[in-house]
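So the chains spell out like this:
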Amino acid sequence: MKRSVYCLECRKTVNADVVERKETFTVRGEAFEVLTHVAICPQCSQDLYDDELDANTQRLVFDQYRQKHGLLSPVEIREVRERYGLSQKAFSRLLGFGEVTIHRYEMGSIQEKAQDLLIRQAADPEFMQRRYEENPGAVSSREKGVFEKRLTDLLQKWKQSVSLPAISFYRNQDIYTGFIEFNLAKIMNMVLFFAKICSECFYPTKANKMLWYADMLHYRLNNRSISGSRYLCHQYGPVPEEFKLLYPLMEKEGLIELEYKEIDPEQGIAGQVIHPKSLWNKTLFTESELNVMKYVAERFKYYSGRQISEESHEEEAYKETPEYGFISYSYAERLRVDLLEIGTKEQYKH
Ligand SMILES: [Zn+2]
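Rules of the game
Residues numbered from 1 in each chain as written. Predicted model: local features only at pLDDT ≥ 70, side-chain atom pairs only at ≥ 80, totals over all residues. Helix = DSSP H or I, 4+ residues; strand = E, 2+ residues; numbered from the N terminus. Pairing = 2+ DSSP bridges. Domains from an automatic or database assignment. Axes fitted to C-alpha atoms, helices over the stretch in contact; angles between N-to-C directions. Contact = placed C-beta atoms within 7 Å. Expected span 1.5 Å × (residues − 1). Buried ≥ 20, exposed ≤ 12 C-beta atoms within 10 Å, placed from the backbone.

Draft legend 1. Spatial organisation of unusual backbone geometry. With a phi angle near 45 degrees, R28 is a residue other than glycine that sits in the positive phi range. One non-glycine residue, Y324, lies in positive phi territory at about 65 degrees. On the secondary structure map, Y324 appears in the segment after α13 (316–320).

Now the structure itself:
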């Protein structure tokens with residue numbers, strides 16, 4: 001590849017060679033290695049300044065930083081904003097940022113974790129509705145019409161997608177549901193949350209157990225589960241009652257993608273991997289629920305489906321429940337997996 005670039009040394013525009021080179025850059029104190037493209041003067045062999053190539057390099061480095069820290073990309077941020085038909089300024093104001101903040105993020109500046117969380121929450125139209133009610137002046141009269149229309153449409157869609165008629169979940173509140181009514185939106189968002197943290201190693205068998213541990217552990221400390229799901233005693237461990245419908249339904253809704261893949265080539269095990277396709281809705285959960293979910297995510301992040309199955313098989317709840325029977329939340333007391341391995345009890349309580 002050749003480019004026409006001005007060489008400061010030779011004091012003229014030269015037909016520069018572009019070469020690939022691995023270089024290390026530091027962002028907020030962390031080093032990142034990227035493959036860069038550098039223009040070189042064919043006459044004096046100096047590296048040349050090239051705005052476009054340099055901007056590309058910076059983008060690559062920032063992308064790596066965002067990926068490592070699980071931050072939204074500039075394109076994802078723009079997508080959230082455009083759903084509402086908002087200008088960068090209005091979106092910034094609604095989120096309580098400075099007027100140019102969103103503009104800077106969409107141009108490539110890296111957002112702080114706290115700002116990232118707020119933008120994620122903005123994907124939930126109910127959250128945006130609350131923001132708008134608190135601060136109606138954030139949206140100019142010129143933008144109001146489009147924004148309010150989009151918001152209404154999104155709210156309607158959102159409600160439909162979380163109350164799908166296809167699933168006939170049990171609606172009682174008893175010792176098998178953890179004394180709350182089953183909440184489909186919550187269990188789906190628990191899956192999305194775990195999928196994001198486990199990234200490439202998240203399978204339905206693993207998801208089933210992580211959901212169970214999160215619900216059980218939360219019950220143990222607060223006398224109620226998170227999702228209100230009943231769990232069955234299956235061959236590979238506890239599973240949510242309607243697990244066979246849950247993941248295909250989520251795929252149909254565009255929330256996840258199920259990829260059929262070889263999981264353990266040595267043992268010839270193949271199965272589905274769950275990839276998140278949507279942002280999760282944090283606002284559905286209380287702080288104690290979030291803390292328990294975070295704990296379960298960290299605890300089992302690197303487990304294979306088999307490892308977490310084996311762990312769940314050691315639980316009394318599993319051993320004492322007959323096959324295909326419902327597992328009582330009363331076993332939560334005697335769970336082997338213990339939250340107190342990390343943190344204090346108060347963190348997980350209301
Ligand atoms: Zn030169």
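Draft legend 2. Representation of the pairing of strand β5 (residues 237–240) in the model. Two strands pair when backbone bridges link them, and strand β4 (residues 231–234) and β5 are joined in this way by 4 bridges, in the antiparallel orientation. Note on β5: the bridge partner recorded for L232 is V239.

Draft legend 3. How the structure looks around the pairing of strand β3 (residues 30–40). Inspection of the sheet shows strand β2 (residues 12–27) paired to β3 by 11 bridges, in the antiparallel sense. In the strand pairing of β3, V19 is matched with V38. Counting the residues in the hairpin turn of β2 and β3 gives 2 residues, including R28, whose phi is positive at 45 degrees.

Draft legend 4. Up close: the domain arrangement of the chain. Entries for the chain in the domain assignment read domain 1 (2–68), domain 2 (74–161) and domain 3 (184–348). The gap between the C-alpha centroids of domain 1 and domain 2 is 35 Å.

Draft legend 5. Seen up close, the sheet that holds β2. In space, the 3 strands of this open sheet follow the order β1-β2-β3, with antiparallel pairing throughout. Looking at the sheet topology across the chains shown, the edges are occupied by β1 (2–7) and β3. Neighbouring strand axes in the sheet, compared pairwise and without regard to direction, differ in orientation by 45 degrees on average. Two strands pair when backbone bridges link them, and β1 and β2 are joined in this way by 6 bridges, in the antiparallel orientation. Residue pairing across strands places S4 opposite N15, the latter belonging to β2. Strands β2 and β3 of the sheet are contacted by helix α1 (residues 51–68), whose axis makes an angle of about 160 degrees with β3.

Draft legend 6. Broad picture of helix α11 (residues 287–300). Here α11 spans 20 Å end to end across 14 residues, near enough to the 20 Å set by a 1.5 Å rise per residue. Considered for burial, the residues of α11 that qualify are E289, N291, V292, M293, Y295, V296, R299 and F300. Where α11 is buried, its residues contact α8 (184–198), α9 (204–222) and α12 (305–313).

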